[in-house]
Amino acid sequence: MMKVNRQDSIDLVQMSVRLRNCLHKKGLHTLGAVADYDKTGDWLAISGMGAKTAHEVQELVKSLCFVEKK
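Everything quoted here is computed from the prediction, not taken from an experiment.

> Any chance you could break down the pattern of salt bridges for me, citing the residues and the numbers?
Under the counting rule described, the total for this entry stands at three salt bridges. With its nearest N and O atoms 2.6 Å apart, the salt bridge here joins R6 to D36. With a gap of 30 residues between them, R6 in the loop between β1 (2-4) and α1 (17-26) and D36 in helix α2 (residues 31-40) connect regions that are remote in the sequence. Residue R6 is classed as partly exposed on the basis of its relative accessible area, which comes to 31%. The residue D11 makes a salt bridge to R20 at a minimum N-O spacing of 3.2 Å.

> Provide a residue-level description of the packing of α2 against helix α3 (residues 51-63), including the pertinent values.
α3 packs onto α2 with a crossing angle of 115 degrees between their chain directions and a minimal axis gap of 10 Å. Compared by their axis directions, α2 and α3 come out roughly perpendicular. Of the two elements, α2 crosses α3, and the hand of that crossing is left-handed. Listed contacts from α3 to V34, A35 and D38 of α2 are V57, Q58 and V61. Across the contact of α2 with α3, the residue classes break down as four nonpolar, one polar and one charged.

> I'd like a rundown of the packing of aromatic side chains, residues and numbers included.
Within this structure, the stated rule accounts for one aromatic pair. The side chain of R6 reaches across the aromatic face of F66, ending 5.1 Å from its centre.

> Go over α3, please, and point to the residues and values.
The terminal C-alpha atoms of α3 lie 19 Å apart, and with 13 residues this matches the ideal 18 Å at 1.5 Å per residue to within 8%. Contact partners of the buried residues in α3: β1, α1, α2 and β2 (64-66).

Thresholds applied
- Residues numbered from 1 in each chain as written.
- Predicted model: local features only at pLDDT ≥ 70, side-chain atom pairs only at ≥ 80, totals over all residues.
- Heavy atoms only, no water.
- Salt bridge = Lys/Arg side-chain N within 4 Å of Asp/Glu carboxyl O.
- Helix = DSSP H or I, 4+ residues; strand = E, 2+ residues; numbered from the N terminus.
- Buried < 20%, exposed > 50% of the residue type's maximum accessible area, 1.4 Å probe, protein only.
- Axes fitted to C-alpha atoms, helices over the stretch in contact; angles between N-to-C directions.
- Parallel < 35°, antiparallel > 145°, perpendicular 65-115°, else oblique.
- Left-handed = near helix turned anticlockwise from the far one by under 90°.
- Contact = heavy atoms within 4.5 Å.
- Nonpolar A, V, L, I, M, F, W, Y, C, P; charged D, E, K, R; others polar.
- Phe/Tyr/Trp six-rings, centres within 6.5 Å; stacked < 30°, edge-to-face > 60°.
- Lys NZ or Arg CZ within 6 Å of the ring centre and 35° of its normal.
- Expected span 1.5 Å × (residues − 1).

Okay, here's the thing in structure tokens:
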């Protein structure tokens, strides 16, 4: 598990260039925004996101452990 803050940029974690571009295009710039979208959004509705990339982002969200900033 990766310990991160909800406000951390998606650029802090390793992911494919395609996924990073899709998230930026959708306006999801923080890890918290990505986790929130995972609960309510449809990854395949994002332009350029295919099944493989959707699976990658779902695995990324599962690996995140949010901690509070002190």
